[in-house]
Structures are given as structure tokens and as C-alpha cells.
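Coordinate analysis (summary)
The primary structure of each chain is shown beneath.
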Amino acid sequence: MSSTLLVEKRPSEARERLLSTASELFYREGIHSVGVDRVVLTAAVTRGTFYRHFPSKEDLVEAYLAREDSTIRQMFSEAFALETGPDELLELLIQGVADDVTFTHTRGCPFINASAEYPDPSSPVRVAIRSHRAWFRSTLAMALEAAGRPDPEKGASALVLLRDAALVGGYLDGPDEMRDTFVATARAVAGLS
């Protein structure tokens, strides 16, 4: 009688290197300006390894945006898991976005940057961006509704707009200068004193 061990499949090291390398290069230099050859060379893998994990560059771009989306969802998930009061949750979400603008995304929003390079609204890249933005907006609306704020959909749309502005403004004017303005304005929109 043999026993079968269930082993959780770990992502390939080469795939992870490709995705990490591409994420850094795409964010820093732009998606269209970074070719597959550069990603392959920088990640120190073969072209065959690249295509085994990503059948096309667009597949890699979608994986890059999925990683960005996952990072933000994880931050929100951790804030929700703290089981704080609704006002404290809103404060955590605002501070989380401010931290993102200040420390992680200092060259603008990866989703806005990608959308500028993929103008066709039906492209899979733009579909992924719309999906992220819809999730972000609905999650903020849910937090605002839980806090009893009037018109949570409108408040969520305003917070999305503020995040967009903070990410772009943080890149153009410096994240430290943008942080205080973003936090104060977002707190006012969220109805926090």
C-alpha cells in the first residue's frame, strides 16, 4: 500500500525571476520600451524558458499587472483582517495607499502607466486594469458604507480619483509632498476628523 503525499506546487524559480525582472523593468522604463530579449537576459534564463512560462509578452504584462493587483489586495485584506471599527479601517486603507505612494510606487501608478501604453479598451491589458479599478472602487465603497457614510459609491469614486492623483503627483512632485495632501483630502472625503 503506498501513500501519496500532497505537495503544494511552488512557482518555478525561473518564472518568478522573469516576473520580478519584468515587473521592475516595466514599472521603471515602460512596457513597450522593454523587449523580451532584455527581460530574458536580465533574468538570466533562456528564451525557451521564457516562452514556456509566458507564451507572449502580453501574457507577461498581464502577469505583471496581476502581481500589482495582488499586492494591493493583500494590503487591503490585512487591513480588513484586523477587525477594527469602520473608521479605523478607513484610516488604515488611507494610510496604506499613502504608504504605497510614498515607498512603493514612486514612478506613478502601474495601471495608469500600462493603460497609456495599451489604448485599445478591448485589449486583455485594459480588461485587467478595469477589473482592478472596479475591485478597488467597490472595496472602498463597502468600507464607506460600513462606516455609515452617505453615498458610498460617490465617496469611493472620489477616493479612487485621489489615489490616481496622488500616484501621478507623487511621481511628478515627490511622494513626501504628496503624502500629506493625499491623506488630508482622503480623510475629509472619508468623513474622518
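On a predicted model such as this, the values are computed, not experimentally measured, just so you know. (Residues numbered from 1 in each chain as written. Predicted model: local features only at pLDDT ≥ 70, side-chain atom pairs only at ≥ 80, totals over all residues. Heavy atoms only, no water.)

Describing the UniProt feature "DNA-binding region" (unreviewed entry) in the protein chain
Within this structure's numbering, the places UniProt gives as "DNA-binding region" (unreviewed entry) are residues 35-54. Regarding residues 35-54, the helix share stands at 75% and the strand share at 0%, and the terminal C-alpha atoms are separated by 13 Å. (UniProt positions renumbered as here; feature names shortened; annotations may be inferred. Helix = DSSP H or I, 4+ residues; strand = E, 2+ residues; numbered from the N terminus.)

Considerations on the packing of helix 1 (residues 13-29) against helix 2 (residues 36-43)
Where helix 1 meets helix 2, the closest approach of the two axes is 9 Å, and the angle between their N-to-C directions is 125°. For the element pair helix 1 / helix 2, the angle class is oblique. Here helix 1 runs over helix 2; the crossing is right-handed. Residues Arg17, Leu18, Thr21, Ala22, Leu25, Arg28 and Glu29 of helix 1 touch helix 2, and the partners they reach there are Arg38, Val39, Thr42 and Ala43. Residues belonging to the contact of helix 1 with helix 2 are distributed by class as follows: five nonpolar, two polar and four charged. (Axes fitted to C-alpha atoms, helices over the stretch in contact; angles between N-to-C directions. Parallel < 35°, antiparallel > 145°, perpendicular 65-115°, else oblique. Left-handed = near helix turned anticlockwise from the far one by under 90°. Contact = heavy atoms within 4.5 Å. Nonpolar A, V, L, I, M, F, W, Y, C, P; charged D, E, K, R; others polar.)

Notes on the environment of Ile72
Among the structural elements, Ile72 can be located in helix 4 (residues 57-81). In sequence terms Ile72 and Gly174 are 102 residues apart; their C-alpha atoms lie 21 Å from each other. Filtering out sequence-adjacent residues up to four positions away, Ile72 remains in contact with Phe111, His132, Trp135, Phe136 and Arg163.

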